[in-house]
Amino acid sequence: MKQIIIEQNLNEMKAEVLIIGVPEHPENIEGWDQFASTFNTKLSDWVKAGDVKTAFKQIVRMPSFGEQLYDRVLFIGLGARKSLTEDRLRQAFAAVGKELAQMKASSVAIWTTPFTNDKLTCEDVASQAAEGLCLGSYKFEGYKTGSNEQDVSLDTVTLISLADAQLLKEAFEVGQIYANAVNEARNLVNMPPNLLTAKEMATYAQGLAAKHGFEIDVLGKKEMEELGMGAILAVNQGSVEEPQLIVLKYAATDTWEDVVGLVGKGITYDTGGYSLKPRDGMVGMKGDMGGAAAVLGAMNIIGELRPEKNVIAVIASTDNMISGEAFKPDDVITSLSGKTIEVLNTDAEGRLVLADAVTYAKQAGATSVIDVATLTGGVIVALGNDKTGALTNDEAFFETFMHASVETGEFVWRLPLTENDKKRIRKSDVADLNNSPGRDGHMIFGGGFVGEFVGDMPWIHLDIAGTSDAASAHDLGPKGGTGVMVRTLATVVTRMANTDLANE
Ligand code: BES
Ligand code: ZN
Ligand code: ZN
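Keep in mind it's a predicted model, so treat the numbers as computed, not measured. Per chain, the residues get numbers from 1 upward, laid out in the order the sequence is written. Following the order in which they are written, the chains are lettered starting with A and the ligands numbered starting with 1. Whole-chain, interface and lining totals are the exception, using all residues; otherwise, since this is a predicted model, local features are given only for residues with pLDDT of at least 70 and side-chain atom pairs are given and counted only at 80 or more. Side-chain measures were taken over the full set of non-hydrogen atoms in the model, leaving aside hydrogen atoms and water.

Asker: Looking at this structure, how should I read the coordination of the zinc ion (ligand 3)?
Answerer: Octahedral six-donor coordination of a metal ideally yields angles of 90 or 180 degrees, compared with 109.5 degrees for tetrahedral four-donor coordination. A donor here means an N, O or S atom no more than 2.8 Å from the metal, or no more than 3.2 Å when the metal is Na, K or Ca. Since water is not included, a site may seem to lack partners. Distances from the zinc ion (ligand 3) to its protein donors, K265 (NZ), D270 (OD), D288 (OD) and E349 (OE), fall within 2.0 to 2.4 Å. Here the zinc ion (ligand 3) is ringed by six donor atoms whose angles at the metal span 77 to 171°, and the overall shape comes out octahedral. Each donor residue of the zinc ion (ligand 3) lies on one chain, and together they are spaced K-x4-D-x17-D-x60-E. The distance between the zinc ion (ligand 3) and the zinc ion (ligand 2) comes to 3.2 Å, with D270 serving as a donor to both metals. Placement of D288 in the loop between helix 9 (279-282) and helix 10 (290-305) and of E349 in the loop between strand 12 (340-342) and helix 11 (350-363) is noted, with a sequence separation of 61 residues between them. Throughout, exposure labels follow a simple rule: accessible area from a 1.4 Å probe, protein chains only, divided by the maximum for the residue type, with under 20% read as buried, over 50% as exposed, and the rest as partly exposed. Note on E349: relative accessible area 0%, which makes it buried. Just to be clear on the cut-offs, tetrahedral is four donors with all angles between 85 and 135 degrees, square planar is four donors and octahedral six with opposite donors over 155 degrees apart and all others between 65 and 115, and anything else goes down as irregular. Elements are defined by DSSP. Helices are runs of H or I of four residues or more, strands are runs of E of two residues or more, and each kind is numbered from the N terminus.

Asker: Looking at this structure, I do not really get the pairing of strand 17 (residues 459-463). What am I missing?
Answerer: Side chains on a regular strand alternate between the two faces of the sheet. The buried fraction of strand 17 is high, at five of five residues. Of the two faces of strand 17, the one lined by W459, H461 and D463 and the one lined by I460 and L462 are each fully buried. Relative to strand 17, strand 13 (residues 366-373) is paired through five bridges, and the arrangement is parallel. By the bridge assignment, I370 is partnered in strand 17 with I460. Here a strand pair is declared whenever DSSP counts at least two bridges between the two strands. The pairing of strand 14 (residues 388-392) with strand 17 spans four bridges and is antiparallel. Along strand 17, the bridge assignment pairs L391 with H461.

Asker: What is the right way to read the nonpolar core from this model?
Answerer: Inside soluble globular proteins, nonpolar side chains tend to come together where they are buried. Residues belong to one nonpolar core when they are buried, are Ala, Val, Leu, Ile, Met, Phe, Trp, Tyr or Cys, and are joined through side-chain atoms within 4.5 Å. Ranked by internal contacts, the top residues of the largest apolar core, which has 56 residues, are L262, M299, I370, F401, L462, M485 and L489. The element contributing the most residues to this core is helix 10, with nine residues. Taken domain by domain, the makeup of this core includes at least three residues from each of domain 1 (3-140 + 154-160) and domain 2 (183-503). Apart from residues no more than four positions distant in its own chain, I370 is found in contact with G261, L262, V263, F397, F401, I460, L462, L489 and V492. Just so you know, the domain bounds were taken from an automatic or database domain assignment. Whether two residues are in contact is decided by their heavy atoms: any pair within 4.5 Å suffices.

Asker: What should I look at first to understand the packing of aromatic side chains in this one?
Answerer: Between two aromatic rings, the relevant description is the distance of the centres plus the angle of the planes. To pair, rings of Phe, Tyr and Trp, with the six-membered ring standing in for Trp, must have centres within 6.5 Å; the planes then decide the type, stacked if under 30 degrees apart, edge-to-face if over 60, and tilted in the middle. According to the stated counting rule, one finds seven aromatic pairs in the structure shown. Their ring planes at 20° and their centres at 6.1 Å tell us that F398 and F401 sit as a pair that is stacked. Separated by three residues within a single helix, F398 and F401 lie in helix 13 (residues 395-408), roughly one turn from each other. Neither F398 nor F401 differs from the other in exposure class; each is buried. Lysine and arginine charges are scored as sitting over a ring when NZ or CZ, respectively, is within 6 Å of the ring centre and within 35 degrees of the ring normal. Just above the ring of F453 sits the side chain of K339; from NZ or CZ to the centre is 5.8 Å. Lying across the ring of F398, R414 places its NZ or CZ 5.5 Å from the centre.

Asker: Would you take a moment to explain the site of ligand 1 for this structure?
Answerer: Here a residue is near a molecule or strand as soon as one of its heavy atoms is found within 4 Å of it. By nearness alone, 17 residues border ligand 1, and K277, D288, D347, E349 and G377 come closest of all. Here a polar contact is recorded for every N or O atom pair within 3.5 Å, except that within protein the pair must consist of a potential hydrogen donor and a potential acceptor, and residues adjacent in sequence are included only if both atoms are side-chain atoms. Take K265: an N or O atom from its side chain is 3.2 Å from an oxygen atom of ligand 1. Between ligand 1 and K277, the relevant distance is 2.7 Å, taken from an oxygen atom to a side-chain nitrogen or oxygen of the residue. Under the convention used here, a 1.4 Å probe and the Shrake-Rupley method define accessible areas, while residue burial counts only the protein chains that appear. Burial of ligand 1 by the protein chains amounts to 87% of its free accessible area of 520 Å². For the shell around ligand 1, the class distribution of residues is three nonpolar, six polar and eight charged. Note that Gly is not counted as nonpolar here; it falls among the polar residues with everything else outside the nonpolar set of Ala, Val, Leu, Ile, Met, Phe, Trp, Tyr, Cys and Pro and the charged set of Asp, Glu, Lys and Arg.

Nothing here speaks to function; it is all geometry.
Here's what the structure looks like:
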């Protein structure tokens, strides 16, 4: 979206498509009668007759009626007005965004009042309209040749509201920043693995750093060898692509203290290595860098909104391949932390690269850490494809995080990590840890393994194996990369900034 226009007058709703939110009993909305009369039609009768639906997310399209300031009208049912929340607004606008993409509309007008209630202001509507429309209308460009059809994308949004125009504009822009970052993360997840190599990911991160003024370090194979990053190097051993540890620093304060670390799994392709994936299970493993995409997406938002919180992002990127040089089950490797690891399964590679990335983050000053990864099939067995699994060692940190996830509507569910689980991760005849204690509850072993490297820092682990890549269209977008956790990570950093300020 390129342009946002704020108008106060209902008669100024010039656009290709007019979007009308219709909650139950719309006649109770202040201004509804005047609104209906601007169309010179029996809008309220249509609602009564059920031609225009009030059920949540039900869309009815109509050609223009009455005056000709717009070509088409799109009614979106909102259900009970009092049960509208930011999350429901976002969903409703995403549904509208999907429809608009099909309609190939480039300009829309929205009267904000029907979307509000005693908790939701016009600014809330503005930011969720931006977020929802932009997320819902997302489409991955792809690489098809021969199509002359030009994609029309939404370009101008006019909001009709009496609220302060500047505040509305700002709220809308924040929504856009969030959604654009999610869409960029979706692009990364959707890119094929021959094009998105570790080096390409580093190039993308360089671009982000240049755009936002982040400090950036990219460690290649040689630097990793010098530092002794034996875990990520082991995973990379069978590959012809160089591994990359991508480090972005966003310094909000003069001193580099109270730093939150965002650590992402950036496996650009996971064949499983010698513990080879079955042929059907391998397809889709281009998305095994969803954690990296989430972290880069969050950094994109942080770079725009510039919260008062120091952040270090660390992405461990390589593919997991097979060759005469590849690592294998029974190998024992030494991680950056000095801890030794018995490799029982080369397909449990995510926890290995994260081990070194978390250790690096800690050595570089992180005082708390969130790691994000498409780590285990186990989380899908436990929670399905619509919930992110979490582990933590810190109740207060997790509470802050959960508030953020409720705000963004990204569902997260915590699993336990017990002393018994840790015992099993530490059980090995030859090394300090093993990378695959068993398949029973193995989401916990995957995340718990990463936890072995965080020490006393407050830590949250997020397993997005189920939520990062959607098999079919969902509430906020099409099938493919979802950009899950981009918005929650950015929100939690913003919240941490506010809490730190409050404690000063
Ligand atoms: N990348 C996979 C996890 C995954 C599964 C992501 C499905 C997305 C969708 C990960 O590296 C993996 O293979 N995990 C193994 C761990 C096992 C060997 C202990 C798994 O979950 O089966
Ligand atoms: Zn794997
Ligand atoms: Zn993997």
